[in-house]
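Tertiary structure, described
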Amino acid sequence: MYTGQYTCIEIFAKAKEDGGKVRVACAGKAGMEKEAKTTYYTWLKFPVEMDAEYEIDSKTCDVTLCYLSGNERMLETGVKYLEQEKPGGTYFVADEEKHYDSPFRETYHFTPWKNWMNDPNGLCWFQGHYHMFYQFNPHGQKWSNMYWGHAASKDLIHWVHLPVVLAPQEEILDKPDELVGGAYSGCAVAGEDEVVFYFTRHIGPHKDCEETQQQQWMMKSKDLIHFTEEECILKERPKEASFDFRDPKVVEIDGNWYMVLASAVKGKGAILLYGSKDMEHWSYIHPLLTEGSEGIRCFECPDFMELDGKYLAMGAWMDHHDEHGRFQMSRYYIGAWKERKLEVESSGWFDFGGNCYAMQSFEQGGRRISIGWISDFYGEHVERENGAYGSMTLPRQLHIKNRKLYMKPVEEVALLKGRTLYQGAKENVSLERIKGNAYQAKIHFLEDTRFSILLGKDGEKEISLVNDENGLRIATKGVKSQGIRFAADVDAVADLEIYMDRRAVEVYVNDGEAAGTKLFYNSSKEGCFLLNAEKPENIGEAEVSLMKKI
Ligand code: FRU
């Protein structure tokens, strides 16, 4: 395996038995050996020479992720992933095209190279690049002790993968049967020449309880490749808060720094508010808002900002089931900022599709942009070798209009538009076999009309978008989410923008009045788009185009 311009090999390895080692050697020269733990994966870093042939011997270990890193232009080139022919076999530079091409992976939505991803973290723009960090388990397609993955982009659309940034605490890795946790969600505040990160470190028994410890930490970076040592800035939660005390998001309002945190107060989901003058010392103020509805363990990943002359808070309702059977929905609240509380004037669901969670936003160039985690809350994920659990929604630009949160994919998404498959009006549309199953559809209705759009079919399994006497909703058949009403809160449908990307679909209604994200695992790479309107004469315009992969 040839190192090219890279100077480091990073390997995540777990020893199969005591003394399990990874050995990295340059052809014809003495090698370097590092021992791995038997209890949990060890993150091993081997300095290597550039432009040299290397061999990796990891027969006594189980390796779940391996890449070349450490070149001078990391933000442009990203890491180079290495794969093995078979466990214990020879390593080679992975063929990206082949690796990504699966019916069970998106083609133009961000996914990790492989394994588990959840929340977007530390979203920011810094010196010409957008950065996205994310909750990552490099060792498998299930949630486990958390690392921070990292990717960068110049246009919010095409991302390069960067080295893992944060790892779980050593105590957890020594006793993974007793303890769980790691580097949980957090945010970034980008200045001109430095970015400050805030995040939670969690440690505790496998089932969260009073012994669970969640503390807030801080670190900084001047290039987003090297990071300062982490520093604990909030050790204790306020007395009134539950043991859920995490996911710091920092925002500047009227020249003051505030941090919102996920928690619950007296059994009700609450967003806690902290204040600071220097961004390092924080003191508790009170809950920014408390949600009256029952059954919310806490607000996960809260966010708070000023937008379009109003104040907007958002958060994900942990453990909650809504009246339609949807699980863990995310809610937004619009209101006024009074006495350092949010006086709520209106609220709604962030995403009606049931598979969008833990969204985070940031501001850049006057735009408020949010990315959400496409999560699988109905057990629909199909695990395949080298697969990825979790992806990110398209970046969405947020606005407040008519007391509602509006969101549309950022304009850069237009870069992805490919060949047009259909363009027409006043007739139903029947595209039965769309090669690649990655497309965009835009429909304008002259008048609200009943319709159904078949967006995916795999044997008996189906996903459709339906508008009838019960309103607009995503409906699935033959899959675990069947029977749940993924209903959009709109009175009529004038415009639809649909983004199908193999296992995920995002639907935007009425120029951003509602957005819905739903997973649908189609075992074929061929898709369909069948629009059947009761009054086709009401279709003012319809267009279906392929989307390019990223
Ligand atoms: C939300 C969440 C966060 C937490 C992280 C852990 O999905 O539970 O509250 O910080 O994921 O991975």
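Residues numbered from 1 in each chain as written. Predicted model: local features only at pLDDT ≥ 70, side-chain atom pairs only at ≥ 80, totals over all residues. Heavy atoms only, no water.

Some remarks on the domain arrangement of the protein chain
Interface size is often expressed as the accessible area that is lost when the parts come together. The assigned domain composition of the protein chain is domain 1 (8-96), domain 2 (116-409) and domain 3 (416-547). In this assembly, 18 residues from domain 1 lie in contact with 26 residues from domain 2. Of the roughly 1800 Å² buried between domain 1 and domain 2 on both sides combined, carbon and sulfur atoms contribute 64%. Its largest share of buried area at the contact with domain 2, domain 1 owes to Tyr40, Trp43 and Leu75, together 38% of the area lost on that side. (Domains from an automatic or database assignment. Contact = heavy atoms within 4.5 Å. Buried area = accessible area lost by both parts, 1.4 Å probe.)

So, the sheet that holds strand S32 (residues 429-435)
Sheets are built from strands paired through backbone hydrogen bonds, the pairs being either parallel or antiparallel. Within the open sheet, the six strands sit side by side as S32-S41-S34-S35-S36-S37. Their pairing is antiparallel. Since the sheet does not close on itself, it has two edges, and those belong to S32 and strand S37 (486-487), each with one partner. As judged from the seven bridges shared by strand S34 (residues 451-458) and strand S35 (residues 461-468), these two strands associate in the antiparallel manner. Across the sheet, Ile453 pairs through a bridge with Leu465, a residue of S35. (Pairing = 2+ DSSP bridges. Helix = DSSP H or I, 4+ residues; strand = E, 2+ residues; numbered from the N terminus.)

Some remarks on the pairing of strand S9 (residues 115-126)
Counted residue by residue, S9 has eleven buried out of twelve residues, so it is predominantly covered. Where S9 lies against strand S27 (residues 388-389), two bridges are found, and the strand directions are parallel. Bridge pairing in S27 places Asn115 opposite Ala388. Relative to strand S10 (residues 129-137), S9 runs antiparallel, the two being bridged by seven bridges. Along S10, the bridge assignment pairs Pro120 with Tyr134. Adjacent in sequence and paired antiparallel, S9 and S10 are bridged by two residues, among which Gln127 carries a positive phi angle near 45°. (Buried < 20%, exposed > 50% of the residue type's maximum accessible area, 1.4 Å probe, protein only.)

A closer look at the site of the ligand
In the vicinity of the ligand, the contacting residues are Asn118, Asp119, Gln135, Trp143, Met146, Tyr184, Ser185, Arg246, Asp247, Glu300, Tyr357 and Trp373. Measuring from an oxygen atom of the ligand, one finds a side-chain N or O atom of Asn118 at 3.1 Å. Side-chain polar atom of Glu300 to an oxygen atom of the ligand: 2.6 Å apart, as the coordinates give it. Here the ligand, which alone exposes 320 Å², has 91% of that area covered by the protein. When the residues that make up the shell around the ligand are grouped by side-chain class, the tally is five nonpolar, three polar and four charged. (Near = heavy atom within 4 Å. Polar contact = N/O pair within 3.5 Å; in protein donor to acceptor, adjacent residues only side chain to side chain. Areas by Shrake-Rupley, 256 points an atom, 1.4 Å probe, with all protein chains shown as cover. Nonpolar A, V, L, I, M, F, W, Y, C, P; charged D, E, K, R; others polar.)

Comments concerning unusual backbone geometry
The phi torsion at Gln127 lies on the positive side, around 45°, for a residue other than glycine. Residue position: Gln127 is located in the loop between S9 and S10. Here Leu224, not a glycine, exhibits a phi torsion of approximately 60°, which is positive. Looking at the secondary structure, you find Leu224 in the loop between strand S15 (213-221) and strand S16 (231-234). The exposure class assigned to Leu224 is buried, which follows from its relative accessible area of 0%.

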